[in-house]
Amino acid sequence: MNEEKIETVSGEQGVVNEGFETEVISPAPKDEIISQDLLTNGHGVKNRMKDAEDGEIRNALINEERVVVERPVYTQLEFDKGFTSIHRPVKTPKVWAKKKVSKFECSGKCIGKFITQVFPFLSILKGYSIRSDLPADIIAGLTVGIMHIPQGMAYGQLSTLPPVFGLYVSFFPVIIYFFFGSSRHVSVGTFAVVSLMVGTVVDKGVASQGLSLDVNPNKTGNGTAADTAVDDVLLQTQLAFAMAVTFAVGCIQLLMGFVRLGFVTVYLSDPLISGFTTGAACHVFTSQIKHIFGVVINRYNGPFKLIFSYRDFFMNIPSTNIAAIVGSAICILILVLVKELINNNPRIKPKLKMPVPVELIVVVIGTLVSEFTNLNKLFEVKIVGDVPVGFPVPALNQFRFLPDVISDAVAIAIVAFVISVSMAKILAKKHDYEIDPNQELVAYGACNVVGSFFSSFCTAASLSRSLVQEGVGGKTQICGMVSSCLLVVVLLVIGPYFKSLPNFVLASIIIVALKGMFKQFLDLKRLWSISIIDFAVWSVSFLATVLLDVDYGLMAGVGFALLTVIARSQRPYTCVLGQVDGTDIYRDVSVYEAVHEIEGIKIFRIDAALFFANAEHFKNQIYKLTVDPKIVKKIRRKRDKIQKKIEKQEQIQNGSSETKVAVEATPETSDTADLDLNLNGYKSQDNVHSIIIDCSTMSYVDSVGVKVLGQIINEYKTIDIQVYLAQCKAGIREMFEKTDFYTTMYKEWLFVSIHDAVLACRKLNNNSSFEKKLSALTLQEKE
């Protein structure tokens, strides 16, 4: 085997294997190159270029380039000896600890690096230009601040808290994120899905205390002293649950950041997030439709709450408030027309220095109309009510219901982080800088922990505001500080003027803002054509979120996505490889027409690691696609049985006449014919003398996989079939050493490539056949 050589010459000389066996591999013609496209559609003549111009371009590119390789056939053992193989470095806990300890040094450079890592704004502002960057940040900050006002109040209402609490979310977390956040362009504050999840927690918490959110005097503007007292208790309970879940979310995010769990985003795929957020958008829409129609709908929690809500909605349609529905229609019409015809118009948008603040315009107009027409008293339209002036007093009510909200906090923490980091990565990639997911966890955790003391519920990055902030030229988080200054003016001066703002105006803003989420339905068509599994993940996440509620929907989506991964890893794709004529290229015979199986040799590949979950599948598939030892044994047993029968009949017939022999021979012929007829489909299996397992796609093998591999090799030994392994990675060979695998299989049967293994199989089989023939001739001579 050492004397045999592989010489690959892509020219007239072809490939010559020197030694006991000589093989000439014909080269491709000069005007052809063996590309992936040629293999797929047929090698050589089957797929010549039809367009002469394309052919000339291709020939000009490849020109006279040739690849020449001449080397001996290598087993893995010979290769390792010849090229000095060493073991891979092993990362033991002791080595890891030493490496970390070695990094501990108290130098000025180290301290400075640590400080800039904890406070990324220091490095961001290091190259800040006051002349060019500051004006852009001021304009972007004012633009985003104007958006914060209506969106903050609208999403505050979505969280079931009074709208002013949404303004707090638009102020306190923004300041904290400026110091700890690593993204320069995201706009932190209220976000629809997160606000909805907080509202769900508040709903469940209030219901567990025996209170109801269906009646709130603060929203009607009137109420008795008893009603006001009840309302105060209700508001305090709402705040307690909202701040408890916010504090818990912050602690979870901080913990995840400290232990470097920023990688959890990889477990929530894009189809899962898209399906989940679309399902959550349905809940957001349902929660606001009562304000649009001015009807009363009971609050529900848990599975099928959407169905119960729409049942109540359709039952109460006769009591629709005409003023509310007309006002909602006007608001939605104005919002849609301005957004589509001006802000999102590709002809007009580039000419605008900033988007038209249509949400703020609608809020101002709605407030003025409500104030001067007295919508609350004359038409019983619900309004925002009193908006307190100033900032909330720090409170410690977040610890009251903390144990009751831990499970919900985990879901909110992950969803808020994943959505925020996804947006941050998109903008960072566009502007050629990197964000640190672990630092982002710390930043959002700090925002939520600090915010929970100032009546600010859970925060996240807003997709719409972030795109606007980046689109109008924002450079850094100075934008957030500018928008916070604008919010200070609102909270200290302008806030009370929004007392008469109708709830249907805020509901209209929320519903129009859901357009982007509902457009994610268009992903289904694309996913169907790309991957049925991604389509299923999207669908399951969406349906589970819609039918079971937001938190259950997320768990169901993640669970189903993990099941698809388990299913694909448990039953990976397997195939038989064939050789492209005249080359050392081996490809799947079911994919390429140009490849052909080698007589007497089966080449098997599994496109996955070999471990306990798919070991049995590996065993079944190699028997199915190559040779099944049970079937071969059955063939041989039946053949031996018939052979013995024939020999016995011949012994009986030795003293008989020729006629009698001819008559008696009829059953023999019949039995042989029956054997050929019944086992004709399995004859090819009995002609196989070697099986090569391509291990190039195996990233690792565990102990169970090694055990099953050994069982397969021993099974094939019983039917005189030798198993060879090709292209085993270093980690797999180390596992073979640890598990004493080489007591089952010789190290010499591992080869560096499939072609090496094929040439070795041919040579060894020829030698074996020669030895068998020589033995037979020797016996005949002795006789």
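Residues numbered from 1 in each chain as written. Predicted model: local features only at pLDDT ≥ 70, side-chain atom pairs only at ≥ 80, totals over all residues. Heavy atoms only, no water.

Remarks on the nonpolar core
Item 1. Ranked by size, the top nonpolar core spans 106 residues in total, and within it Val186, Val198, Val245 and Ile412 carry the most contacts.
Item 2. Top contributing element to this core by residue count: helix α18 (residues 406-430), with 14 residues.
Item 3. Not counting residues within four places of it along the chain, the set of residues in contact with Val245 comprises Val198, Val201, Val405, Ala409, Ile412 and Cys458.
Item 4. If you look at the next biggest cluster of nonpolar residues, it comprises 48 residues, including Cys575, Ala615, Tyr716 and Val723. (Core = buried A, V, L, I, M, F, W, Y, C linked by side-chain atoms within 4.5 Å. Buried < 20%, exposed > 50% of the residue type's maximum accessible area, 1.4 Å probe, protein only. Helix = DSSP H or I, 4+ residues; strand = E, 2+ residues; numbered from the N terminus. Contact = heavy atoms within 4.5 Å.)

Comments concerning helix α16 (residues 358-373)
Item 1. For α16, spanning 16 residues, the distance from its first C-alpha to its last is 22 Å, which sits close to the expected 22 Å at 1.5 Å a residue.
Item 2. Elements in contact with the buried residues of α16: α7 (133-158), α15 (322-343), α17 (375-378) and α22 (503-513).
Item 3. Of the residues flanking the end of α16, it is Asn374, one or two places downstream, whose phi is positive at about 55°. (Expected span 1.5 Å × (residues − 1).)

A closer look at the packing of aromatic side chains
Item 1. One pass over the structure, following the stated rule, counts 38 aromatic pairs.
Item 2. Ring geometry for Phe165 versus Tyr168: centroids 5.4 Å apart, planes at 85°, classification edge-to-face. Of this pair, Phe165 and Tyr168 both sit in helix α8 (residues 164-169), separated by 3 residues, roughly a single helical turn. For the pair Phe165 and Tyr168, one class covers both residues: buried.
Item 3. Centroid distance Tyr746 to Trp749: 6.1 Å. Interplanar angle 75°. Geometry classified as edge-to-face.
Item 4. With a relative accessible area of 57%, Tyr746 lands in the exposed category.
Item 5. A relative accessible area of 16% places Trp749 in the buried class.
Item 6. Each member of the aromatic cluster is reached from another via a ring pair, and the members are Phe119, Phe121, Phe178, Phe179 and Phe180. (Phe/Tyr/Trp six-rings, centres within 6.5 Å; stacked < 30°, edge-to-face > 60°.)

Description of the packing of helix α13 (residues 270-293) against α22
Item 1. At a closest axis distance of 8 Å, the pairing of α13 and α22 adopts a crossing angle of 150°. With respect to α22, the element α13 is oriented roughly antiparallel. Handedness of the α13/α22 crossing: left-handed. Side by side, α13 and α22 meet where Val284, Phe285, Gln288, His291 and Ile292 of the first sit next to Asn503, Phe504, Ala507, Ser508, Ile510 and Ile511 of the second.
Item 2. Tallied by class, residues from the contact of α13 with α22 come to 7 nonpolar, 4 polar and no charged. (Axes fitted to C-alpha atoms, helices over the stretch in contact; angles between N-to-C directions. Parallel < 35°, antiparallel > 145°, perpendicular 65-115°, else oblique. Left-handed = near helix turned anticlockwise from the far one by under 90°. Nonpolar A, V, L, I, M, F, W, Y, C, P; charged D, E, K, R; others polar.)

Some words on a positive patch on the surface
Item 1. Among the surface-exposed residues, Lys634, Arg637, Lys638 and Lys641 lie close enough to one another that they form a single positively charged patch.
Item 2. Locating Lys634 in the fold gives a position in helix α28 (residues 629-653). (Patch = residues over 30% accessible without salt bridge, like charges linked within 9 Å, V, L, I, M, F, W, Y side chains within 5 Å. Areas by Shrake-Rupley, 256 points an atom, 1.4 Å probe, with all protein chains shown as cover. Salt bridge = Lys/Arg side-chain N within 4 Å of Asp/Glu carboxyl O. Lys, Arg positive; Asp, Glu negative; His and termini not counted. Charge placed at Lys NZ, Arg CZ, Asp CG, Glu CD.)

Concerning the confidence of the model for the chain
Item 1. Confidence in the prediction of the chain, expressed as mean pLDDT, is 84, and 83% of residues score 70 or more.
Item 2. Of the regions scoring below 50 in pLDDT, residues 215-222 engages in 18 contacts with residues more than four places distant in sequence or in other chains.
Item 3. This stretch, residues 657-669, has a pLDDT under 50; its non-local contacts, to residues over four places away or in other chains, come to 9 contacts. (pLDDT = per-residue confidence, 0-100.)

A short note on α22
Item 1. Most of α22 is tucked away, with 10 of its 11 residues classed as buried.
Item 2. Restricting attention to buried positions, one finds in α22 the residues Asn503, Phe504, Val505, Leu506, Ala507, Ser508, Ile509, Ile510, Ile511 and Val512.

Quick notes on a nonpolar patch on the surface
Item 1. A contiguous nonpolar surface patch, about 560 Å² in accessible area, is contributed by Phe391, Val489, Leu492, Val493, Ile494 and Tyr497.
Item 2. Within the secondary structure, Ile494 is located in helix α21 (residues 478-494).

Brief notes about the environment of Phe119
Item 1. Relative to the elements of secondary structure, Phe119 occurs in the loop between α5 (108-118) and α6 (121-124).
Item 2. Between the alpha carbons of Phe119 and Gly181 there is a distance of 7.6 Å; along the sequence they are 62 residues apart.
Item 3. The contact partners of Phe119, leaving out residues within four places of it in the chain, are Phe179 and Phe180.

Notes on the pairing of strand β11 (residues 690-694)
Item 1. Where burial is concerned, most of β11 is hidden: 5 out of the 5 residues are buried.
Item 2. Here β11 shows two buried faces, one formed by Ser690, Ile692 and Asp694 and the other by Ile691 and Ile693.
Item 3. Direction of pairing for strand β10 (residues 601-606) relative to β11: parallel, over a ladder of 5 bridges. Residue pairing for β11: Lys602 is matched across the bridge by Ile691.
Item 4. As defined by bridge partners, β11 adjoins strand β12 (residues 722-726) across 5 bridges and the pair is classed as parallel. Considered in β12, the bridge of Ile693 is made with Leu725.
Item 5. A crossover connection joins β11 to the parallel β12 through helix α32 (residues 703-717); in handedness this β-α-β unit is right-handed. (Pairing = 2+ DSSP bridges. Right-handed = clockwise from strand over helix to strand, strands pointing away.)

A closer look at the environment of Gln727
Item 1. By the secondary structure assignment, Gln727 is in the loop between β12 and α33 (730-738).
Item 2. With a relative accessible area of 29%, Gln727 lands in the partly exposed category.
Item 3. Note: C-alpha distance between Gln727 and Cys695 (32 residues apart in sequence) is 5.4 Å.
Item 4. In this structure Gln727 touches Asp694, Cys695, Ser696, Phe751, Val752, Ser753 and Ile754, once residues within four positions along its chain are discounted.
Item 5. Engagement of the side chain of Gln727 in a polar contact is seen with the side chain of Asp694, the distance being 2.9 Å. (Polar contact = N/O pair within 3.5 Å; in protein donor to acceptor, adjacent residues only side chain to side chain.)

Details of the side chain of Gln238
Item 1. As for its placement among the helices and strands, Gln238 is situated in helix α12 (residues 225-258).
Item 2. Among all residues touching Gln238, those that are not within four sequence positions of it are Thr160, Leu161, Val202, Val206 and Leu213.

Quick notes on unusual backbone geometry
Item 1. At Asp432, a position not held by glycine, the phi torsion is positive, near 60°.
Item 2. Here Asp432 shows up in the loop between α18 and α19 (437-452).
Item 3. In the Ramachandran plot, Ser455 falls in the positive-phi region, its phi being about 60° despite a non-glycine side chain.
Item 4. Examined against the element boundaries, Ser455 turns out to sit in the loop between α19 and β6 (460-462).
Item 5. A residue is classified by how much of its surface remains accessible, and Ser455, at 11% relative accessible area, is buried.

A word on the state of the cysteines
Item 1. Applying the stated criterion across every chain yields a total of 0 disulfides.
Item 2. Its sulfur unpaired, Cys728 is 3.6 Å from the next cysteine sulfur, which belongs to Cys695.
Item 3. For Cys728, a relative accessible area of 5% translates into the label buried. (Disulfide = S-S within 2.5 Å.)

Quick notes on the pattern of salt bridges
Item 1. As enumerated under the stated definition, the model contains 16 salt bridges in all.
Item 2. We note a salt bridge from Arg299 to Asp203, for which the minimum N-O separation is 3.4 Å. With a gap of 96 residues between them, Arg299 in the loop between α13 and α14 (305-315) and Asp203 in helix α10 (residues 192-208) connect regions that are remote in the sequence.
Item 3. Take Arg299: its relative accessible area is 33%, and that puts it in the partly exposed class.
Item 4. Judged by relative accessible area, which is 10%, Asp203 ranks as buried.
Item 5. With a shortest N-O distance of 3.0 Å, Glu470 and Lys430 are connected by a salt bridge. On the criterion of sequence distance, the pair formed by Glu470 in helix α20 (residues 463-471) and Lys430 in helix α18 is long-range, its members being 40 residues apart.
Item 6. By relative accessible area, which is 11% here, Glu470 ends up buried.
Item 7. Among the ionic contacts, a cluster of salt bridges with common partners joins Lys204, Asp408 and Asp551.

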